[in-house]
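Listed below are the residues making up each chain.
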Amino acid sequence: MNTPDNDSLLRFMTCGSVDDGKSTLIGRLLFDTKTILADTLTQIERTSKKRGMEAVDLSLLTDGLQAEREQGITIDVAYRYFSTGTRKYIIADAPGHEQYTRNMVTAASTANLAIILIDARKGVLTQTRRHSYLAHLVGITHIVVAINKMDLVNYDQAEFEKICADYLAFAEHIGLHRAGHQISFIPMSALNGDMIVDRGDGLDWYQGPTLLEFLESAPPAHSEKGEPFRFPVQFVCRPHASDDPELHDFRGFMGRIESGEIEVGEEVTVLPSGHTSKVKAIQIGDEQLPSAITEQSITLLLEDEIDTSRGDMIVKSSQSIEPVKQISAMVCWLSETPLSTARTYIVRHTTRESKAKVGEIAYKVDVNTLEELPAQGLVTNDIARISFKLAQPLMVDPYTENRATGAFILIDEATNNTVGAGMIEA
Amino acid sequence: MTSLTKETLSHLDWLESEAIYILREVAGQCSNPVLLFSGGKDSLCILRLAEKAFRPGRFPFPLMHIDTGHNYKEVIDFRDQRAAELGERLIVRSVEDSMKRGSVVLKSADEPRNKHQSVTLLEAIEEFGFDCCIGGARRDEEKARAKERIMSFRDEFGQWDPKNQRPELWNLYNARSHKGENIRAFPISNWTEMDVWQYIEREKLQLPSIYFAHQRDIVMRGGAIMPVNVPLASGEVINQPKPGEEIINMQVRFRTVGDITCTAPVISDSDNVAKIVLETATTTITERGATRLDDQTSDASMEQRKKEGYF
C-alpha cells in the first residue's frame, strides 16, 4: 500500500440535526473509506442486533455522543479522522441540538468547508438557513449542500432540482453566493451509501462528483494568493546562558505564519513598536529555510537587535497595519453566564492579550430570521455586533480578509473560561 | 518575490506545525509546565516536536515520567538514554513511592497499576507546582478522546468535567488556570496512529526495541497474548504463568507501551518502521482493541486473527 508523505489535509465540518442523517453520513464516510476497523464494527454490529435492527446502524459510530446527550451532557464538538491515501481529513462534528449556534461557530472556526445536510423530503428549512448563515459568518467559502434521504423521494431528480433552486435563491439573498465562494449540491442516500464514496444505483441522472470525490478535489486552507505576511510572536528564544558561545547572541522569534509568506532578506516591521529590520534567517528546528509559507511554525532571526516579545507581530514593511485600541466585531456569546456591560473581559487576539471594555451593542442577530434586533445584553448562543475599548493596542485585519488576525476570544477573568468568540469588522 | 501559485503543506508538515504551535503556546501561557514522557512512541514524537519548537534553546519545561514500577526494562533504559542525549532534566516519580506513602493501596499485588498513576501524577503536580502537563494522547484512540480539548482544564482534584469544557475556536487556546488547577495540553490531538508511525519514519526516530518484532514467551489468556516471566529493571520477574497455561515462544511486537500487567503485544513480523507503517495501513484491529487489557477488550480480536490464519 502506498502511504505518501506529500498528501494534503482538509478540515471540514458537518451540520444538520440527527434527523437529517448526519450521524449516518459520518458513519458512512468512515465505513466506506475503511476507517472503521473490525473490532469497532463488531461492537456496533452487536449493538445493532441488540436493538433489533437487521443491518448495521452506522449512526452508532457517534453513539458515544448520543448516550451523553441522553444523560444531559453537552459536548460542543467532537473531532473525527479519516484518510484516503491522497488526503487526510479532520471532521469537526457539531451536534445539532439546542446549543447549535456556539457549537456551529466553534466547529466552523477551524473548518475550510461545510457540509450542510438537507432532508430531501423536507427541503430548505429554517435550520438550513441558520447553518448557512453561521458558516458564512465564520468565513467558510466552500459549502456542500448534501441533499440526503433521496431514497425516500424515489431518487426523484425534480425534487432535487427544486431544493437546489430554493437554496440558491436564499444564498443570493444573504450574500453567500458570490465570487470566491462555491456552493455545490450533491443528491445522496447516506443510509444506502449512494453518492457518498460509491455512486450507488439510484442516482444515474446525477453526473457530478460523489461527496468523497468532491472532498478530494476541494482546495485546502489558505489557497488565496498574495495575502499579507502576518507573524505573531509566540515565544522568544534566547539561549544566552548556553555552553555554546556561538549561541550567546542568538535571538530567535518563534511563531506560526498566520498568512502570507516570507523570504530571507525581506524587510520587516515589528508591531506595535514600528521598528524595522531584515530577515536574517528562517529555521524549523536546526533546518535553515530560504523561505516559509502560511501555517508553518518557524523561528525568525532578524539582522538588528530589536526589543520584541510574545504578543508582538512581525509583518512585511510594505504590508504594515496600524495598531488599534478600539474594535467593532460580530461576537458569538458562548457562556451560560450572560455578558455584562459593566465588566471588563480579556481579549485574546493572536498571541496578544488585552483587557477590554464592552462599548455599544449595535444589534443582535436573530439567527432564524436574520433580522437585526436591539439588545442590552447577551445570553448563550446570541450573536451581536459589539464595540470594545482596549487597554493594549492590537494588530488586526478585518475577519473577512484574514481569519487569523481578524478573530479573537473573550475570557472571563474570574473563571478563566472562554466566554465569547469575536470576528472583527473594523 | 511572492510566488504566484501558493504551495500548501503536506498533512505531516501541517500536523507538525500545529503541534509546535501548541507547545509554544504552553511555553508562552504557562509559568511552570512539564512534559510527560514515558519512553513510548507518542511521547518520543513530542520530544522531536519540542526540539523543533525550542532549539537551539533548552526546553522551557522538564520531562517527567510516572513509573508504575511495572515497565519494560528496555523502555526505561531508552527513556533515560533519550533524556540524557537531549540534555534535558528528567523527573521520575513512582507509583511504588505512593504505595509506601499509603496514598495508593492495591487490591491485589498483581493488579494493573495504570489507573494508580493518576494519584502519583497529582502528587507530583503538587510537589513541583506544575500548572500544565503536556501529554501524548490522541483523539483517535477512543471515543472519549474525540471530545477532548487541546488545552484541557482540570480542577484542583485533577478532574476532567466533560460538561464544562472551554470551547476552542480558531487556534486561540486558553491555558489560563488558577493556583492548584491544571491544564493538560495535547499537541498531537489531531494525529492518528498512522500519522505517528509516518512521522517516526520521516524523522528517523529511534524507539525502544519492544515496538519491533521479537521473540517473546507468552501465554494465551482470556483471548489476549500475555507476556510471561518478564524481568524488571529491579531484577524482579513478574507475570508468572498460571498453572496449566502453556508457554509459547512467539514473534510479537507492541503497538502501545504501558504497564506490563495490562499491555498485550500483537503477533507481527514487522521488524522495522517501514514494515510497521505498512502493517498499520492494513490492520483490521484498532490500536487499543487487542492490546490494552484495562480498556474495553474486544472479543473479536483473537477470532479475527484466527480467521486470518494465525492458528
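Since the model is a prediction, treat every value here as computed from it, not as a measurement.

Visitor: Is there a simple way to think about the overall build of chain B in this case?
Guide: A tally of helices and strands in chain B yields eight helices and 12 strands. Per-residue burial over chain B gives 60% buried out of 311 residues. Partitioning the contacts of chain B with sequence separation of at least 6, the portion at a separation of at least 24 is 73%. As displayed, chain B has an accessible area near 12500 Å², and 49% of this comes from carbon and sulfur atoms.

Visitor: I tried to follow the sheet that holds strand S12 (residues 266-267) of chain B on my own but got confused; where do I start?
Guide: Note on sheets: strands pair through backbone hydrogen bonds, and any given pair is parallel or antiparallel. Residue and element names in this part refer to chain B. Read across the sheet, four strands follow the order S8-S7-S11-S12 without closing on themselves; strand pairing throughout is antiparallel. A single partner strand is all that each edge strand has here, and the edge strands are strand S8 (224-227) and S12. Pairing geometry for strand S11 (residues 248-253) and S12, over two bridges, is antiparallel. Its bridge partner being in S12, arginine 253 is matched across the sheet by valine 266.

Visitor: Which parts of the structure should I look at to understand the packing of helix H1 (residues 11-29) of chain B against helix H6 (residues 193-203) of chain B?
Guide: For any two helices packed against each other, one specifies the inter-axial angle together with the distance between the axes. Residue and element names in this part refer to chain B. Interaxial distance between H1 and H6 falls to 11 Å at its minimum, and their mutual angle equals 95 degrees. With respect to each other, H1 and H6 are oriented roughly perpendicular. Contacts between H1 and H6 pair His11, Leu12, Asp13, Leu15 and Glu16 from the former with Asp195, Gln198, Tyr199, Arg202 and Glu203 from the latter. Split into classes, the residues belonging to the contact of H1 with H6 amount to three nonpolar, two polar and five charged.

Visitor: Explain helix H2 (residues 38-50) of chain A here, please?
Guide: Residues spaced three or four apart along an α-helix face the same direction, because each turn holds 3.6 residues. Relative to the 18 Å expected for 13 residues at 1.5 Å per residue, H2(A) spans 18 Å between its end C-alpha atoms, a close match to the ideal helical length. For H2(A), the full list of buried residues reads A:Ala38, A:Asp39, A:Leu41, A:Ile44 and A:Ser48.

Visitor: Help me understand the packing of aromatic side chains in this model?
Guide: One pair of aromatic rings is described through two measures. These are the centre distance and the angle between the planes. Counting across every chain of the model gives 19 aromatic pairs over all chains. Between the aromatic rings of A:Phe160 and A:Tyr206, the centroid separation amounts to 6.3 Å while the plane-to-plane angle is 75 degrees, which identifies the pairing as edge-to-face. Taken together, the residues span a long stretch of sequence, with A:Phe160 in helix H6 (residues 157-173) and A:Tyr206 in the loop between strand S6 (182-187) and helix H7 (211-217) at a distance of 46 residues. Residue A:Phe160 shares its accessibility class with A:Tyr206, and that shared class is buried. Where A:Phe229 meets A:Phe231, the ring centres are 6.1 Å apart and the plane angle is 5 degrees; that geometry is what we call stacked. Here A:Phe231 falls in the buried class, since its relative accessible area comes to 0%. Aromatic ring contacts, followed pair by pair, group A:Phe235, B:Phe54, B:Phe59 and B:Phe61 into a single cluster. A cation over a ring is seen here: A:Arg256 above B:Tyr21, with NZ or CZ 4.7 Å from the ring centre.

Visitor: It is not clear to me how the environment of A:Lys122 should be interpreted in this structure. Could you clarify?
Guide: Residue position: A:Lys122 is located in the loop between strand S4 (113-119) and helix H5 (126-137). A C-alpha to C-alpha distance of 28 Å links A:Lys122 and A:Ala218, two positions 96 residues apart in sequence.

Visitor: When you look at the environment of A:His349 in this model, what are you seeing that I'm missing?
Guide: Structurally, A:His349 can be placed in strand S18 (residues 344-349). What makes A:His349 buried here is its relative accessible area of 1%. Considered as a pair, A:His349 and A:Leu373 are 24 residues apart in the sequence and their alpha carbons are 27 Å apart. Ignoring anything within four residues of it in the chain, the contact list for A:His349 reads A:Met313, A:Leu394, A:Met395, A:Val396, A:Thr405, A:Gly406, A:Ala407, A:Phe408, A:Ile424 and B:Leu172. In this structure the side chain of A:His349 is engaged in a polar contact, spanning 2.7 Å, whose partner is the backbone oxygen of A:Thr405.

Visitor: Would you mind showing me how to read the pattern of salt bridges here?
Guide: Should their charged atoms come close, side chains of opposite charge can pair. The tally for this structure, following the rule as stated, stands at 47 salt bridges over all chains. The salt bridge involving A:Lys364 is made with A:Asp382; its shortest N-O contact spans 3.5 Å. Of this pair, A:Lys364 sits in strand S19 (residues 352-365) while A:Asp382 sits in the loop between strand S20 (372-373) and strand S21 (383-394), placing them 18 residues apart in sequence. One salt bridge connects B:Lys100 with B:Asp97, and the closest N-O pair in it is separated by 3.8 Å. Of this pair, B:Lys100 and B:Asp97 both sit in helix H4 (residues 95-101), three residues apart, which is roughly one turn of the helix. With relative accessibility at 34%, the residue B:Asp97 sits in the partly exposed group.

Visitor: What should I look at first to understand the packing of helix H2 (residues 41-54) of chain B against helix H3 (residues 73-86) of chain B in this one?
Guide: Residues and elements named next belong to chain B. Interaxial distance between H2 and H3 falls to 12 Å at its minimum, and their mutual angle equals 0 degrees. Regarding the angle of H2 to H3, the classification is roughly parallel. Listed contacts from H3 to Leu44, Leu47 and Glu51 of H2 are Phe78, Arg82 and Leu86. A class-by-class count of the residues in the contact of H2 with H3 yields four nonpolar, no polar and two charged.

Visitor: Where do I start with the interface of chain A and chain B in this structure?
Guide: Interface size, as often reported, equals the accessible area lost upon joining of the parts. Between chain A and chain B, the contact holds 90 residues from the first and 73 residues from the second. Between chain A and chain B, roughly 6600 Å² of surface is buried when both sides are summed, and carbon and sulfur atoms account for 55% of that area. On the chain A side of the contact with chain B, A:Asp39, A:Tyr81 and A:Asn416 bury the most area, a combined 9% of that side's loss. Here chain A is connected to chain B by four salt bridges. On inspection of chain A and its partner chain B, the count reaches 26 residue pairs in polar contact (both at pLDDT 80 or more). Looking at which element gives the most residues to the side of chain A that touches chain B, the answer is H2(A), with six residues. When the residues that make up the side of chain A that touches chain B are grouped by side-chain class, the tally is 37 nonpolar, 30 polar and 23 charged.

Visitor: What is the right way to read the pairing of strand S3 (residues 90-94) of chain B from this model?
Guide: Two faces make up the sheet, and in a regular strand the side chains alternate between them. Residues and elements named next belong to chain B. Relative to S3, strand S2 (residues 63-67) runs parallel, the two sharing five bridges. Residue pairing for S3: aspartate 67 is matched across the bridge by serine 94. At this point the chain moves from S2, through H3, to the parallel S3, and the crossover so formed is right-handed.

Visitor: Would you explain the nonpolar core in this entry?
Guide: Proteins that are soluble and globular tend to have nonpolar side chains buried together. All names here are of chain A. Phe12, Met13, Ile147, Tyr167 and Leu211 are the most contacted members of the largest nonpolar core, which has 158 residues in total. Discounting chain neighbours no more than four positions away, the residues touching phenylalanine 12 are Leu29, Phe82, Tyr89, Ile90, Ile91, Ala92, Ala111, Leu113, Ile115 and Leu215. Ranked by size, the runner-up nonpolar core spans 22 residues in total, among them Ala329, Leu339, Val347 and Ile424.

Visitor: Even after reading the chapter, I still don't get the confidence of the model for chain B, so can you show me in this structure?
Guide: For residues with low pLDDT, the predicted coordinates do not support detailed interpretation. Residues and elements named next belong to chain B. Counting all residues, the mean pLDDT for chain B is 86, and 89% of those residues have values of 70 or more. In this model residues 294-311 is a low-confidence stretch, pLDDT under 50, and it forms 30 contacts with partners more than four residues away in sequence or in other chains. The ipTM assigned to the predicted complex is 0.93, against a pTM of 0.92.

Visitor: Before we go on, may I ask you to explain the pairing of strand S7 (residues 214-221) of chain B in this structure?
Guide: Residues and elements named next belong to chain B. The pairing of S7 with S11 spans five bridges and is classified as antiparallel. Residue aspartate 217 lies in a different strand from S11, and its bridge partner there is asparagine 249. Bridge count for S7 against S8 is four bridges, and the pairing is antiparallel. Paired with isoleucine 218 across the two strands is proline 227, which belongs to S8.

Visitor: I keep staring at the sheet that holds strand S1 (residues 8-15) of chain A and nothing clicks. Help me out?
Guide: A sheet is described by the order of its strands in space; here six strands give the open sequence S2-S3-S1-S4-S5-S6 (chain A), paired in mixed fashion. Strands with a single pairing partner mark the edges of an open sheet, and in this sheet they are strand S2 (78-83) and S6 of chain A. This sheet shows a mean twist of 25 degrees between the axes of neighbouring strands, independent of strand direction. Relative to strand S3 (residues 87-93) of chain A, S2(A) runs antiparallel, the two being bridged by six bridges. From the neighbouring strand, A:Tyr79 faces S3(A), where its bridge partner is A:Ala92. In this fold H1(B) packs onto S1 and S3 of chain A, with an angle of close to 75 degrees to the strand it touches most, S1(A).

What counts as what
Residues numbered from 1 in each chain as written. Chains lettered and ligands numbered in written order. Predicted model: local features only at pLDDT ≥ 70, side-chain atom pairs only at ≥ 80, totals over all residues. Heavy atoms only, no water. Helix = DSSP H or I, 4+ residues; strand = E, 2+ residues; numbered from the N terminus. Buried < 20%, exposed > 50% of the residue type's maximum accessible area, 1.4 Å probe, protein only. Contact = heavy atoms within 4.5 Å. Areas by Shrake-Rupley, 256 points an atom, 1.4 Å probe, with all protein chains shown as cover. Pairing = 2+ DSSP bridges. Axes fitted to C-alpha atoms, helices over the stretch in contact; angles between N-to-C directions. Parallel < 35°, antiparallel > 145°, perpendicular 65-115°, else oblique. Nonpolar A, V, L, I, M, F, W, Y, C, P; charged D, E, K, R; others polar. Expected span 1.5 Å × (residues − 1). Phe/Tyr/Trp six-rings, centres within 6.5 Å; stacked < 30°, edge-to-face > 60°. Lys NZ or Arg CZ within 6 Å of the ring centre and 35° of its normal. Polar contact = N/O pair within 3.5 Å; in protein donor to acceptor, adjacent residues only side chain to side chain. Salt bridge = Lys/Arg side-chain N within 4 Å of Asp/Glu carboxyl O. Buried area = accessible area lost by both parts, 1.4 Å probe. Right-handed = clockwise from strand over helix to strand, strands pointing away. Core = buried A, V, L, I, M, F, W, Y, C linked by side-chain atoms within 4.5 Å. pLDDT = per-residue confidence, 0-100.

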